[in-house]
Amino acid sequence: TARAMDAAALRTADADGDGVVNAEETANAEARAREDEARRGAALASVLEPAARERLSRIAIVKPEKARALEESILRAARAGRVHRVSEQALIGMLENAAGGASGAASGRVGKINFDRRRNAFDEDDEL
């Protein structure tokens, strides 16, 4: 990721403090970041069912920060042994739990749309 590459670039800056990073160090940092991302993707692929992976990728398109937080949560749970396989329904449950911590969750109406359909003043039965 960009943040990992930036952090790696800062760590590998010259000791004399001029802040110049040569191309080799930058290439090494980018290679490490790609390897980390590949390992992360492989770990997620081993834990998520195909439908859950698809849903998570769609979430990442719309809200990348939320998808990243959800991925972190799934990977932490997998490392701790609390979860072995995540289905789409389990992923939806995790999303609902994450939304429960949102600011508008106190009302209990987060993500719900209520339609109030009122009858027209005149029905077919009301002929003039």
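Residues numbered from 1 in each chain as written. Predicted model: local features only at pLDDT ≥ 70, side-chain atom pairs only at ≥ 80, totals over all residues. Heavy atoms only, no water.

Some thoughts on the environment of A90
Here is step 1 of the chain: Position of A90 relative to the elements: it lies in helix 5 (residues 88-100).
Here is step 2 of the chain: Note on A90: relative accessible area 35%, which makes it partly exposed. (Helix = DSSP H or I, 4+ residues; strand = E, 2+ residues; numbered from the N terminus. Buried < 20%, exposed > 50% of the residue type's maximum accessible area, 1.4 Å probe, protein only.)

Some thoughts on the side chain of E71
Here is step 1 of the chain: Among the structural elements, E71 can be located in helix 4 (residues 64-80).
Here is step 2 of the chain: Judged by relative accessible area, E71 falls into the buried class, the value being 15%.
Here is step 3 of the chain: Look past the residues within four positions of E71 in its chain and what remains in contact with it is R40, L44 and L56. (Contact = heavy atoms within 4.5 Å.)

Some points on the confidence of the model for the chain
Here is step 1 of the chain: Averaged over every residue, the pLDDT of the chain is 78; residues scoring 70 or more account for 66%.
Here is step 2 of the chain: Mean pLDDT across the elements of the chain ranges from a minimum in helix 1 (residues 2-11), with 63, to a maximum in helix 3 (residues 50-62), with 93.
Here is step 3 of the chain: Confidence over residues 103-107 falls short of pLDDT 50; this stretch has 4 contacts with residues more than four positions distant or in other chains. (pLDDT = per-residue confidence, 0-100.)

What about the pattern of salt bridges?
Here is step 1 of the chain: Across all of its chains, the model carries 6 salt bridges by this definition.
Here is step 2 of the chain: Measuring nitrogen to oxygen at the nearest pair gives 3.1 Å for the salt bridge that ties E71 to R40. Separated by 31 residues along the polypeptide, E71 in helix 4 and R40 in helix 2 (residues 23-47) bring together distant segments of the chain. The residues E71 and R40 share a single accessibility class, namely buried.
Here is step 3 of the chain: Among the ionic pairs, E88 bridges to R55, the shortest N-O distance being 2.8 Å. A residue pair is termed long-range when its members are at least 10 positions apart, and E88 in helix 5 and R55 in helix 3 qualify at 33 residues.
Here is step 4 of the chain: If you follow the salt bridges from partner to partner, you end up with R40, E71 and E72 in one network. (Salt bridge = Lys/Arg side-chain N within 4 Å of Asp/Glu carboxyl O.)

Considering the packing of helix 3 against helix 4
Here is step 1 of the chain: Between helix 3 and helix 4, the least distance of the axes is 6 Å, while the angle of their chain directions is 140 degrees. In terms of their interaxial angle, helix 3 and helix 4 are classed as oblique. Seen from helix 3, the contacting residues are L56, I59, A60, I61 and V62; seen from helix 4, they are P64, A67, L70 and E71.
Here is step 2 of the chain: Classifying every residue of the contact of helix 3 with helix 4 gives 8 nonpolar, no polar and 1 charged. (Axes fitted to C-alpha atoms, helices over the stretch in contact; angles between N-to-C directions. Parallel < 35°, antiparallel > 145°, perpendicular 65-115°, else oblique. Nonpolar A, V, L, I, M, F, W, Y, C, P; charged D, E, K, R; others polar.)

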